[in-house]
Amino acid sequence: MVDASAVKQKVKNMPKRSKAMAHIPSHKHCRVCGIDISAKAEERVCKNEDCVTKYEKDEKNKQRMRLWMLVFFTLFAAPYLIAVFMRLM
């Protein structure tokens, strides 16, 4: 069995998370390489050219994937949903 009083004592002696994290300045991480960047950076990418090009390529791929998902949804799911709705009416 677990000794509840021992667990309570350990928890009581642990530093509070907010106090422990107070000394760390706010920052973001680069989406590509993961290094710390300024919290004021608009894009979450560092100044490295490789990271910038990879980030732009990933964004283009995401946009293309969203478009294709929309196209396939309209081609396959929309006619099925229309048929279901027509049957209900």
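Draft legend 1. Spatial organisation of the overall build of the protein chain. Secondary structure assignment for the protein chain yields 3 helices and 2 strands. Listing every helix and strand of the protein chain by position from the N terminus yields α-α-β-β-α. Across the 89 residues of the protein chain, 7% fall into the buried class. For the protein chain, long-range pairs separated by at least 24 residues make up 7% of all intrachain contacts whose partners lie at least 6 apart in sequence. Roughly 8600 Å² of accessible area belongs to the protein chain as shown, and the carbon and sulfur atoms make up 63% of that amount.

Draft legend 2. Structural view of helix H3 (residues 49-88). With 40 residues, H3 should cover 58 Å at 1.5 Å per step; its first-to-last C-alpha distance of 56 Å lies within 8% of that length. Helix geometry: H3 is bent most strongly at Ala-77, by close to 40°, with proline Pro-79 lying one to four residues after it.

Draft legend 3. A look at the state of the cysteines. Going through the model one piece at a time under the given rule, you end up with 0 disulfides. Looking at the unpaired Cys-33, the closest cysteine sulfur is the one in Cys-30, lying at 3.6 Å.

Draft legend 4. View of the pattern of salt bridges. Inspection of the entire model under this criterion finds 2 salt bridges. With a shortest N-O distance of 3.5 Å, Arg-31 and Glu-59 are connected by a salt bridge. Here Arg-31, found in the loop between strand E1 (27-29) and strand E2 (36-38), pairs with Glu-59, found in helix H3; they are 28 residues apart in sequence, far enough to count as distant. A salt bridge links Glu-59 to Lys-62; the nearest nitrogen and oxygen atoms lie 3.8 Å apart. Here Glu-59 pairs with Lys-62, and both are found in helix H3, just 3 residues apart, close to one helical turn.

Draft legend 5. Region of the structure containing the confidence of the model for the protein chain. When pLDDT is averaged across the protein chain, the result is 84; 85% of the residues are at 70 or more. Per-element mean pLDDT across the protein chain ranges from 58 in helix H2 (residues 17-20) up to 93 in H3.

Procedures and definitions
Residues numbered from 1 in each chain as written. Predicted model: local features only at pLDDT ≥ 70, side-chain atom pairs only at ≥ 80, totals over all residues. Heavy atoms only, no water. Helix = DSSP H or I, 4+ residues; strand = E, 2+ residues; numbered from the N terminus. Buried < 20%, exposed > 50% of the residue type's maximum accessible area, 1.4 Å probe, protein only. Contact = heavy atoms within 4.5 Å. Areas by Shrake-Rupley, 256 points an atom, 1.4 Å probe, with all protein chains shown as cover. Expected span 1.5 Å × (residues − 1). Bend = angle between axes of the 7 residues up to and from the residue. Disulfide = S-S within 2.5 Å. Salt bridge = Lys/Arg side-chain N within 4 Å of Asp/Glu carboxyl O. pLDDT = per-residue confidence, 0-100.

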